[in-house]
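As a plain string of letters, each chain reads:
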Amino acid sequence: MPKIDLERPLNEPAVPAREAASQILRDIAANANEWKGFALHLNLGELGLPDVGYVAIPIRLEIAGEETEPRHQMKLTIHARRSAEVFPVFHGAIGLDSSGPSGSQIWLAGEYELPMSGLGAFFDKAIARNGAAKTLENFLTDLTEAIAARVEKRELAFARYRLFGTGD
């Protein structure tokens, strides 16, 4: 099974970033709020085709548990929502580590099973050009951007409250 180990820097403190990541992943798993119908995606250009769009695969994300010590992580499994037998299945974890007082690092690690044994591995390497790994990279990028947006929105709300909620 191919392994994956990805990291992205975040310009957000670890504690609010962990809260945001946890809530976003739980919303994806529950198919709730703005994450209803969430899909992994792969640009056609990454497949060696004309870059005129993308392939979207709606997913079912299952959270097996969340740990805070010694390292923050959420164990998860990602399946395609429809025709799961023809798409890879990811088993792994995602977490956030502190990288200073105002920064953090998000990571995604695990392995994915390719469908149809050797034929699936051949398709992923030769035709899809490691499409499964690229799709997981896109997932981590999307999640990183969503965490930053959620933390910034929260901080702006707190700033407005402190600025206008003083009673003066």
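Residues numbered from 1 in each chain as written. Predicted model: local features only at pLDDT ≥ 70, side-chain atom pairs only at ≥ 80, totals over all residues. Heavy atoms only, no water.

Draft legend 1. Highlighting the nonpolar core. Residues I78, I94, F139 and I147 are the most contacted members of the largest nonpolar core, which totals 34 residues. Those elements that provide at least two residues to this core are β1 (3-10), α1 (14-30), β3 (54-67), β4 (73-80), β5 (89-98), β6 (104-113) and α3 (131-164). Contacts of I94, omitting those with residues within four sequence positions, involve L25, Q73, M74, L76, I106, W107, L108, L140 and L143. (Core = buried A, V, L, I, M, F, W, Y, C linked by side-chain atoms within 4.5 Å. Buried < 20%, exposed > 50% of the residue type's maximum accessible area, 1.4 Å probe, protein only. Helix = DSSP H or I, 4+ residues; strand = E, 2+ residues; numbered from the N terminus. Contact = heavy atoms within 4.5 Å.)

Draft legend 2. Layout of the pattern of salt bridges. Taken as a whole and assessed by the stated rule, the structure comprises six salt bridges. Across the pair E67 and K75 runs a salt bridge whose closest N-O atoms are separated by 3.3 Å. Its relative accessible area of 38% is what places K75 among the partly exposed residues. (Salt bridge = Lys/Arg side-chain N within 4 Å of Asp/Glu carboxyl O.)

Draft legend 3. Highlighting the pairing of β6. Pairing of β1 with β6 involves eight bridges; the strand directions are antiparallel. Bridging from a neighbouring strand, I4 pairs with G110 of β6. Two strands pair when backbone bridges link them, and β5 and β6 are joined in this way by ten bridges, in the antiparallel orientation. In the sheet register, L96 faces β6, and the bridge partner there is I106. Hairpin geometry of β5 and β6 is characterised by an intervening segment of five residues between the two adjacent antiparallel strands and by a positive phi of about 125° at G100. (Pairing = 2+ DSSP bridges.)

Draft legend 4. Geometry of the confidence of the model for the protein chain. With 82% of its residues at a pLDDT of at least 70, the protein chain reaches an overall mean of 83. Of all helices and strands in the protein chain, the one with the weakest mean pLDDT is helix α2 (residues 117-127) (53), whereas β4 scores best (94). (pLDDT = per-residue confidence, 0-100.)

Draft legend 5. Spotlight on empty space enclosed by the protein. One pass over the full model with this rule turns up one cavity of 30 Å³ or more. By volume, the largest cavity amounts to about 30 Å³. Lining the largest cavity, in full, are A21, L25, H72, M74, I94, G95, L96 and I106. It is β5 that contributes the most residues to the lining of the largest cavity, three residues altogether. Classifying every residue of the lining of the largest cavity by side-chain character gives six nonpolar, two polar and no charged. (1 Å grid on protein atoms, 1.4 Å probe; cavity = no way out; pocket = protein on both sides within 12 Å on 5 of 7 lines; lining within 4 Å. Points joined across faces, edges and corners; volume = space filled by probe spheres on them. Nonpolar A, V, L, I, M, F, W, Y, C, P; charged D, E, K, R; others polar.)

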